[in-house]
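Spelled out from the first residue to the last, the chains are:
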Amino acid sequence: KLALHDVLYDLYNGITALLHDDSDVIVQDFEGRTPFFLCCCVGDIKAAETLVSAGADIHLPTYTGVSPFMAACQYGQLDMVTWMVEHHSIDVNHTDDAGNSPLLMAARMMRKDVMEYLIKSGADVNHVNTSGVSALMTVCESSADALPVLNVGTGHCNITNRSDCMTLLLNYRCLIHACDANLQT
């Protein structure tokens, strides 16, 4: 394991200590995740700011093209998503190697609050990935009617249901694509 990856449970203090030892802030693990990427997954803005100040690349994707911003969207880290858009001019329509957008990543996990923020920030509600799947199709395909969403920072748990996410997308003029039995458009 890499030392900067091991400090996730006490990010800020651990990162600060390791940076004093000249640790490499852009080192990637076996999947291509950097310490900054992992900060985005858990929503630790203070630790992320520390890494950025030390030279972390906020755009460096994993080996499959998933950006730290996309990870923050998938994991429902709305404060991190907002910070990255407002302070680092992140492209809300950036895609990974499979054509997945941040909105698709948030839709996959039914992160309604993140989905709404992305849409209001200019995300394309009608984007489809390389398999022809849209955010609406992703929500409709979900095997769960509702997912509990735990906010790690507050410890509160909210229930986001599929119909809330579908309504959000349809209210923002998401197109209903015709698809075949394999859900291909």
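Shown above is the structure to which this text applies.
Presented here is a report on the structure given in the accompanying data block. (Residues numbered from 1 in each chain as written. Predicted model: local features only at pLDDT ≥ 70, side-chain atom pairs only at ≥ 80, totals over all residues. Heavy atoms only, no water.)

**Re the overall build of the protein chain**
Link 1 in the chain: Regarding its fold elements, the protein chain presents 9 helices and 2 strands.
Link 2 in the chain: Its helices and strands taken in sequence order, the protein chain reads α-α-α-α-α-α-α-α-β-β-α from the N to the C terminus.
Link 3 in the chain: Counting every position in the protein chain, which comprises 185 residues, the buried fraction comes to 45%.
Link 4 in the chain: When the accessible surface of the protein chain is summed, it comes to about 9,500 Å², and 51% of that surface belongs to carbon and sulfur atoms. (Helix = DSSP H or I, 4+ residues; strand = E, 2+ residues; numbered from the N terminus. Buried < 20%, exposed > 50% of the residue type's maximum accessible area, 1.4 Å probe, protein only. Areas by Shrake-Rupley, 256 points an atom, 1.4 Å probe, with all protein chains shown as cover.)

**As for the packing of helix H3 (residues 45-53) against helix H5 (residues 78-88)**
A pair of packed helices is characterised by two quantities: the angle between their axes and the separation of those axes.
Link 1 in the chain: Where H3 contacts H5, the axes come no closer than 10 Å and their chain directions differ by 35 degrees. The element H3 and its partner H5 pack so that their crossing is right-handed. Between H3 and H5, the contacting residues are Ile45, Ala48, Glu49 and Val52 on the first element and Asp79, Met80, Trp83 and His88 on the second.
Link 2 in the chain: Of the residues assigned to the contact of H3 with H5, the class counts are 5 nonpolar, 1 polar and 2 charged. (Axes fitted to C-alpha atoms, helices over the stretch in contact; angles between N-to-C directions. Left-handed = near helix turned anticlockwise from the far one by under 90°. Contact = heavy atoms within 4.5 Å. Nonpolar A, V, L, I, M, F, W, Y, C, P; charged D, E, K, R; others polar.)

Geometry only, nothing functional implied.
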